[in-house]
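# Descriptive structure summary
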Amino acid sequence: MSHKFQRNSPQMLGVASTVSSTTPSNQPRKRVKRCCRNFVTFMCTQVGVGALIVVYAIFGALTFMHIEREFVDTTTAHVLELRQNFSQRLWNITEEHNLIDKPLWVNETNSVLREYQAEIAAIIKNGYVGRSPADMWSFPAALMFCLSVITMIGYGNMVPRTPWGKGFTVIYATFGIPLYILYFLNMGRVLARSFKFLYRSLHDCTQEKNYDARLEALEGGGSLGALTLRKKIIVPSTACLWVIMFYILTGTIMFANWEKWSFLNSFYFCMTSLCKIGFGDFVPGASLTTAADVDAATQKLREDIAADPNEVSQLQRIADQHSKLAINFIYMLLGMGLVAMCRNLMREEVRVKLKEMKEDTKLCVEDTRLRFVGCCGDPRDLYENDYY
């Protein structure tokens, strides 16, 4: 035994030394794997997906600001040149004809004005809005642009003008749309579960519970069939529609006050945005005053004595509303989650209704068959009589 112990002891020591030598080297790798696994698990949760999509939108907004603000827009200078040229042409026509030949003067001036109108319309169609890229691509506006990309709304009021911006938009949408779909599914599941719990709690509070009858049935040795079992409660579609309508009305009031829209236009914008139609005729922040407008009004106040001194303060208050676009971003993101919630709850109700319809159809067919057999008799009786 001693020789065997002596012969095996070096092997045991070798295995122990091997384990002790490999364990410390594998510990950092296992820790890294465990951390990565925990991180991926957290990111697949509702909180992780929501935080990830917000971070992704902020990253996209900063990137688009950096790319698009470097775009040199020569359209403004071209518009000023067109304005001066056509003004000079109108002046030349006026000097040439004066008011001696008024019909000829009217025809030529109308022709010049129509030509100028066509030139300006073509420039506006190509994306000219009268503002510089630095004024257009503020952080809240870029955030709303990123939201319109990943949610597939696509308002169209802001578009990238640079080749780098267009290429980054393609890459950004490629990774952002699946991320939004994951957020849509997770957020809809969480909100549906929470709303279902709230609805069931309110339903239980409003229903009278006959606990005495259950206790008597149990004490009397009654079967489970004698007990009044709790019926499965399904959230009706009307409750989902009421929640969505209340949320849309809240947005209607908010956008009407902030954007100075009418209530109809504000309601129209909320409906088209939450339905992901996104015509782009009404977009938050499109009518907000920029810092350049405030500077121009300040310069006008310094040069013109007759200028209204309250105009600068009013423009400053409107310019400060750019921070409210972040609230608009949260409103739209949460609204998409509510739409997903209503989708899940309505799908569950439709599934239950279809199951009930299927059972009712089976009972109706069985009842019809029994009635038919009762009226006409069982054909098997005829065969039995012929046989005997």
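Residues numbered from 1 in each chain as written. Predicted model: local features only at pLDDT ≥ 70, side-chain atom pairs only at ≥ 80, totals over all residues. Heavy atoms only, no water.

Attention shifts here to the side chain of Glu-68. Secondary-structure assignment places Glu-68 in helix α2 (residues 46-68). Despite its burial, Glu-68 remains without a salt bridge, the nearest opposite charge being carried by Arg-161 at 6.6 Å. In this structure Glu-68 touches Pro-133, Trp-137, Pro-160, Arg-161, Thr-162 and Gly-165, once residues within four positions along its chain are discounted. (Helix = DSSP H or I, 4+ residues; strand = E, 2+ residues; numbered from the N terminus. Buried < 20%, exposed > 50% of the residue type's maximum accessible area, 1.4 Å probe, protein only. Lys, Arg positive; Asp, Glu negative; His and termini not counted. Salt bridge = Lys/Arg side-chain N within 4 Å of Asp/Glu carboxyl O. Contact = heavy atoms within 4.5 Å.)

A word on a nonpolar patch on the surface. A surface patch of nonpolar side chains, about 240 Å² in accessible area, is lined by Ile-58, Leu-62 and Phe-139. Structurally, Ile-58 can be placed in helix α2. (Patch = residues over 30% accessible without salt bridge, like charges linked within 9 Å, V, L, I, M, F, W, Y side chains within 5 Å. Areas by Shrake-Rupley, 256 points an atom, 1.4 Å probe, with all protein chains shown as cover.)

Once that is clear, we can look at the pattern of salt bridges. Going through the model one piece at a time under the given rule, you end up with four salt bridges. Measuring nitrogen to oxygen at the nearest pair gives 2.8 Å for the salt bridge that ties Arg-369 to Glu-366. Residue Arg-369 and its partner Glu-366 are located together in helix α13 (residues 324-376), separated by three residues, close to a single helical turn. Owing to a relative accessible area of 36%, Glu-366 belongs among the partly exposed residues under this scheme.

Per-chain confidence: the protein chain averages 76 in pLDDT, with 70% of residues scoring 70 or above. When mean pLDDT is compared element by element in the protein chain, helix α10 (residues 263-274) scores highest at 92, while helix α14 (residues 379-387) scores lowest at 50. Taken as a whole, residues 15-22 scores under 50 in pLDDT and shows one contact with residues more than four places along the chain or in a different chain. With pLDDT under 50 throughout, residues 223-230 is counted as low confidence; its partners more than four residues away or in other chains account for seven contacts. (pLDDT = per-residue confidence, 0-100.)

This part takes up the environment of Val-54. By secondary structure assignment, the location of Val-54 is in helix α2. Through-space distance from the C-alpha of Val-54 to that of Leu-143 is 9.7 Å; in sequence the pair is 89 residues apart.

Turning our eyes to something else, we now look at the side chain of Thr-272. Among the structural elements, Thr-272 can be located in helix α10. For Thr-272, the side chain forms a polar contact with the main-chain oxygen of Phe-269, separated by 3.0 Å. Look past the residues within four positions of Thr-272 in its chain and what remains in contact with it is Ile-277, Gly-278 and Phe-279. (Polar contact = N/O pair within 3.5 Å; in protein donor to acceptor, adjacent residues only side chain to side chain.)

The subject of this paragraph is the nonpolar core. Within the largest apolar cluster, 58 residues are counted, with the highest numbers of intra-cluster contacts made by Tyr-172, Met-332 and Met-341. The set of elements that each furnish at least two residues to this core consists of α2, α6 (139-150), α7 (163-206), α9 (237-259), α10 and α13. If near-sequence neighbours (up to four positions away) are discounted, Met-341 is found in contact with Gly-188, Leu-191, Ala-192, Phe-195 and Val-243. Counting residues in hydrophobic clusters, the runner-up holds eight residues, among them Val-79, Ile-93, Val-112 and Tyr-128. (Core = buried A, V, L, I, M, F, W, Y, C linked by side-chain atoms within 4.5 Å.)

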